[in-house]
Amino acid sequence: MAGDGSGAVAEDAGSSAPARVLFPPTFSVSEIKNKQRRHFMYLRWRQQQRKEKLAAKKKRRKEREALGDKAPPKAIPKTIENQRVYDETTVDPNDEEVAFDEATDEFAPYFNRQTVPKILITTSDRPRGRTVRFCEQLSTVIPNSHVYYRRGLALKRIIPQCIARDFTDLIVINEDRKIPNGLVLSHLPDGPTAHFRMSSVRLRKEIKRKGKEPTEHVPEVILNNFTTRLGHSIGRMFASLFPHDPQFIGRQVATFHNQRDYIFFRFHRYIFKSEKKVGIQELGPRFTLKLRSLQKGTFDSKFGEYEWIHKVCLSSEVVLLGERG
């Protein structure tokens, strides 16, 4: 082993301890010609790096315990989250102008408890099995939602029928190459309509260590980092999909987490292990959304007026929904 140039083996004479590979400071795995030996030495190098990192962590912890109250404060690691630049479009929820907008926007009847959410979930024309299963699982997450399979019917004809049947929202799941890749959310009867690009869709059977099937209890809703004007509108749009009063006995929670303008959706159940420890288990499905456009009124691809359209900006970074992490 010492003759292949990859490292030297140091072993005490008369000791039965396993050999330890000592890598030189300028060691490079890529210099090893043999593929199997290169892979083996890479794994040994990674193992050594982990051991050194763990030993340094234990040493620092012992030093802090020895110093007690005199120990210096822990260093805060630099991350994209804490190094981001403050966004001027971030709004204060207690601002009078924001409160006035909330009292007069299209979602005010929901938040004033004048309407009860009733959702219609439909698909693109001739959906495949994966999209159909995703719609069925999504209907178990959103209470009082109904799945309708389109058969060539245009959205301009579906929307008046939804309004006549007292539906408050319309969700359209689009697909490409048998994979769900888009979501259109239209608030009825007066809009607005949001178009999202969908990715990283995982059905329940594809999630590891998932919990049992969700119950019919109304879940809690958590909205994270929807802090800008645009994010505020999108957050209220998601909130209006769920009934007002969650049933906490069901221990289910739907989370919309915005980070770097990507909206991550997760559906969990609380597990109370003891009086102090609480765990969670994911129920599914899970998916990620990216806002593409926000349109006034209901869906109208030809004559619709857009409030916002996603444009790729290379010269500067623009925070859209409220979180740049």
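Residues numbered from 1 in each chain as written. Predicted model: local features only at pLDDT ≥ 70, side-chain atom pairs only at ≥ 80, totals over all residues. Heavy atoms only, no water.

- As named in an unreviewed UniProt entry, the protein is Ribosome production factor 1, taken from Melopsittacus undulatus.
- In its Subcellular location (unreviewed entry) section, UniProt records this for the protein: "Nucleus, Nucleolus".
- If you open the UniProt record of the protein and go to Function (unreviewed entry), you find "May be required for ribosome biogenesis." (UniProt positions renumbered as here; feature names shortened; annotations may be inferred.)

## A look at the overall build of the protein
Right, so step 1: In terms of helices and strands, the protein carries six helices and 13 strands.
Right, so step 2: Burial status across the protein gives 37% buried among its 325 residues.
Right, so step 3: In the protein, of all internal contacts separated by at least 6 residues, the share reaching a separation of at least 24 is 63%.
Right, so step 4: Entry remark: accessible area of the protein is about 20,900 Å², with carbon and sulfur atoms responsible for 51%. (Helix = DSSP H or I, 4+ residues; strand = E, 2+ residues; numbered from the N terminus. Buried < 20%, exposed > 50% of the residue type's maximum accessible area, 1.4 Å probe, protein only. Contact = heavy atoms within 4.5 Å. Areas by Shrake-Rupley, 256 points an atom, 1.4 Å probe, with all protein chains shown as cover.)

## What about the environment of Arg38?
Right, so step 1: Secondary-structure assignment places Arg38 in helix 1 (residues 35–67).
Right, so step 2: Taking the relative accessible area as the measure of exposure, Arg38 reaches 28% and is therefore partly exposed.

## With respect to helix 5 (residues 155–164)
Right, so step 1: Leu155, Ile158, Ile159 and Cys162 are the residues of helix 5 that are buried. Buried positions in helix 5, seen along its axis, are confined to an arc of 100° and lie on one side of it. Turned more than 90 degrees away from the buried face of helix 5, the exposed residues are Lys156, Arg157 and Ala164.
Right, so step 2: If you follow the buried residues of helix 5, they end up packed against strand 3 (119–123) and strand 5 (169–176).
Right, so step 3: With its phi angle positive at about 65°, Asp166 sits one or two positions after the end of helix 5. (Arc of directions from axis to C-beta.)

## A closer look at the pairing of strand 6 (residues 179–187)
Right, so step 1: Counting buried positions along strand 6 yields seven of nine residues, so the element is predominantly enclosed.
Right, so step 2: As judged from the eight bridges shared by strand 5 and strand 6, these two strands associate in the antiparallel manner. Note on strand 6: the bridge partner recorded for Leu170 is Ser186.
Right, so step 3: Linking strand 5 to strand 6, which pair antiparallel, is a turn of two residues; within it Arg177 sits at a positive phi near 55°.
Right, so step 4: The sheet contact formed by strand 6 and strand 7 (residues 193–202) spans five bridges and is antiparallel. Directly across from Val184, in strand 7, lies its bridge partner His195.
Right, so step 5: Adjacent in sequence and paired antiparallel, strand 6 and strand 7 are bridged by five residues, among which Gly191 carries a positive phi angle near 85°. (Pairing = 2+ DSSP bridges.)

## A few points about the packing of helix 2 (residues 96–104) against helix 6 (residues 229–239)
Right, so step 1: Running from N to C, helix 2 and helix 6 point in directions that differ by 35°, and their axes come no closer than 12 Å. In this structure, helix 2 meets helix 6 at a crossing whose hand is right-handed. Together, Glu97, Val98, Asp101 and Glu102 of helix 2 and Arg229, His232 and Arg236 of helix 6 make up the contact between the two elements.
Right, so step 2: The residue inventory of the contact of helix 2 with helix 6, partitioned by class, reads one nonpolar, one polar and five charged. (Axes fitted to C-alpha atoms, helices over the stretch in contact; angles between N-to-C directions. Left-handed = near helix turned anticlockwise from the far one by under 90°. Nonpolar A, V, L, I, M, F, W, Y, C, P; charged D, E, K, R; others polar.)

## Focus on unusual backbone geometry
Glycine aside, the phi torsion of most residues is negative, and most peptide linkages are trans.
Right, so step 1: Of note, the bond from Gly191 into Pro192 is cis; its omega dihedral lies within 30 degrees of zero at 5°.
Right, so step 2: With respect to the helices, strands and loops of the structure, Pro192 is situated in the loop between strand 6 and strand 7.
Right, so step 3: Each neighbour pair has its own omega, and for Gly284 with Pro285 the value is 0°, a cis peptide bond.
Right, so step 4: Structurally, the position occupied by Pro285 is in the loop between strand 11 (278–282) and strand 12 (286–295).
Right, so step 5: Non-glycine residue Lys178 carries a positive phi angle of around 70°.

## So, helix 4 (residues 129–141)
Right, so step 1: The terminal C-alpha atoms of helix 4 lie 19 Å apart, and with 13 residues this matches the ideal 18 Å at 1.5 Å per residue to within 8%.
Right, so step 2: Within helix 4, burial applies to Arg130, Thr131, Val132, Phe134, Cys135, Gln137, Leu138, Ser139 and Val141. (Expected span 1.5 Å × (residues − 1).)

## Thoughts on the packing of aromatic side chains
Right, so step 1: This structure, assessed with the given rule, holds nine aromatic pairs.
Right, so step 2: Connected via pairs of aromatic rings, a cluster forms that spans Phe134, Phe196, Phe226, Phe238, Phe242, Phe256, Phe265 and Phe287.
Right, so step 3: We note Lys118 situated over the ring of Phe167; from NZ or CZ to the ring centre the distance is 4.6 Å.
Right, so step 4: When the ring centre of Tyr262 is taken as reference, the NZ or CZ atom of Lys290 above it lies at 4.6 Å. (Phe/Tyr/Trp six-rings, centres within 6.5 Å; stacked < 30°, edge-to-face > 60°. Lys NZ or Arg CZ within 6 Å of the ring centre and 35° of its normal.)

## Brief notes about the nonpolar core
Across soluble globular proteins, you tend to see nonpolar side chains buried next to one another.
Right, so step 1: Among the nonpolar cores identified, the biggest contains 35 residues, and Ile171, Phe196, Ile234 and Phe238 are the most heavily contacted of them.
Right, so step 2: Among residues more than four places away in sequence, those in contact with Phe238 are Leu185, Phe196, Leu223, Phe226, Phe256, Ile263 and Leu289.
Right, so step 3: One finds Leu120, Ile159, Leu170 and Val184 within the second-largest nonpolar core, a separate group that totals eleven residues. (Core = buried A, V, L, I, M, F, W, Y, C linked by side-chain atoms within 4.5 Å.)

## Some details on empty space enclosed by the protein
Right, so step 1: Counting across every chain of the model gives one cavity of 30 Å³ or more.
Right, so step 2: Estimated volume of the largest cavity: approximately 100 Å³.
Right, so step 3: Elements supplying a minimum of two residues to the lining of the largest cavity: strand 6 and strand 12.
Right, so step 4: Of the residues that constitute the lining of the largest cavity, the class distribution is twelve nonpolar, no polar and no charged. (1 Å grid on protein atoms, 1.4 Å probe; cavity = no way out; pocket = protein on both sides within 12 Å on 5 of 7 lines; lining within 4 Å. Points joined across faces, edges and corners; volume = space filled by probe spheres on them.)

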